[in-house]
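Residues per chain, in single letters:
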Amino acid sequence: MASSSSSSSLSLDTAKHHSHSSGEVHVIVGPMFAGKTTALLRRIQSELNTGRNVAIVKSSKDTRYAIDSAVTHDGIKFPCLALSDLLSFREKYGNDAYQKLDVIGIDEAQFFGDLYEFCCKAADEDGKIVIVAGLDGDYLRRSFESVLQIIPLANSVTKLTARCEVCGKCAFFTLRKTKQREIELIGGADVYMPVCRLHYVNS
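The name that an unreviewed UniProt entry assigns to the protein is Thymidine kinase, with the source organism given as Mucuna pruriens. Its UniProt record gives the protein a comment under Sequence similarities (unreviewed entry), which states: "Belongs to the thymidine kinase family."

Now the structure itself:
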């Protein structure tokens, strides 16, 4: 009997371990206009098509196209929850609804200071698939730490490129067109453009 009880306890521990180790983190980075949100929405739609429960979160700072939707630069949209921090997501979304979630998409991830803590909890402890899209660098080509901190957690990292607005070659960088110097300046094509290395350096 003792051996059966010990075996049953072991299988319960194994099941518990598997439920906790089934989470994933996938990171999509690149300059502005590289299609990060498009790639995120495509992946979310694919997960939805397989019958998984999905939700998208974005920063409440980003109100460029819609308050309650993640929207690509060409107007494709998906309903989302706009929050100032990620650790409030479970409470705002509802605990029961959160338990049923399989996949969480995070758009404009560079605006979330608690991104690392959230990804650890959601993937490691709660077994969620977390798909993160955001800028890896600002207009000065300095890192957005919140995004780069989660690279060691990631199952996959995809770096997208845009097309240089000056010459049409691959663009890796975001150039700010205005003279404003604050790091967090939210804008679209009126403020930023994607450029290659040559046209970034010679701007």
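We now examine the packing of aromatic side chains. In this description, a pair of aromatic rings is defined by centroid distance and the angle of the planes. Following the criterion strictly, the structure yields five aromatic pairs and no others. Between F89 and Y93, the aromatic rings sit 5.1 Å apart at their centres with planes inclined by 25°, giving stacked as the arrangement. One end of the pair is F89 and the other is Y93, both in helix α3 (residues 89-93) and four residues apart, which spans about a single turn. Taking the relative accessible area as the measure of exposure, Y93 reaches 30% and is therefore partly exposed. With a centroid separation of 6.1 Å and an interplanar angle of 85°, the aromatic rings of F89 and F118 are classed as edge-to-face. On the criterion of sequence distance, the pair formed by F89 in helix α3 and F118 in helix α5 (residues 115-125) is long-range, its members being 29 residues apart. In this structure, F89 and F118 share a single accessibility class: buried. Aromatic rings pair up to connect F89, Y93, Y98 and F118 into one cluster. When the ring centre of F173 is taken as reference, the NZ or CZ atom of R141 above it lies at 4.8 Å. Taking the ring centre of Y139 as reference, the NZ or CZ of R176 above it sits at 3.8 Å.

Let us look at helix α2 (residues 36-49). With 14 residues, α2 should reach 20 Å at 1.5 Å per residue; the first-to-last C-alpha distance of 20 Å fits that figure. Following α2 by one or two positions, G51 has its phi on the positive side, about 95°.

Moving on, we come to the nonpolar core. Within the largest apolar cluster, 29 residues are counted, with the highest numbers of intra-cluster contacts made by F89, I104, I106, L115 and V132. Top contributing element to this core by residue count: α5, with five residues. Sequence-distant contacts of L115, that is, excluding residues within four places in its chain, are made with L86, I106, A109, V132, S146, V147 and I150. Counting 24 residues, the second-largest nonpolar core is a separate cluster that includes L40, V54, V103 and F173.

Cut-offs applied
- Residues numbered from 1 in each chain as written.
- Predicted model: local features only at pLDDT ≥ 70, side-chain atom pairs only at ≥ 80, totals over all residues.
- Heavy atoms only, no water.
- UniProt positions renumbered as here; feature names shortened; annotations may be inferred.
- Phe/Tyr/Trp six-rings, centres within 6.5 Å; stacked < 30°, edge-to-face > 60°.
- Helix = DSSP H or I, 4+ residues; strand = E, 2+ residues; numbered from the N terminus.
- Buried < 20%, exposed > 50% of the residue type's maximum accessible area, 1.4 Å probe, protein only.
- Lys NZ or Arg CZ within 6 Å of the ring centre and 35° of its normal.
- Expected span 1.5 Å × (residues − 1).
- Core = buried A, V, L, I, M, F, W, Y, C linked by side-chain atoms within 4.5 Å.
- Contact = heavy atoms within 4.5 Å.

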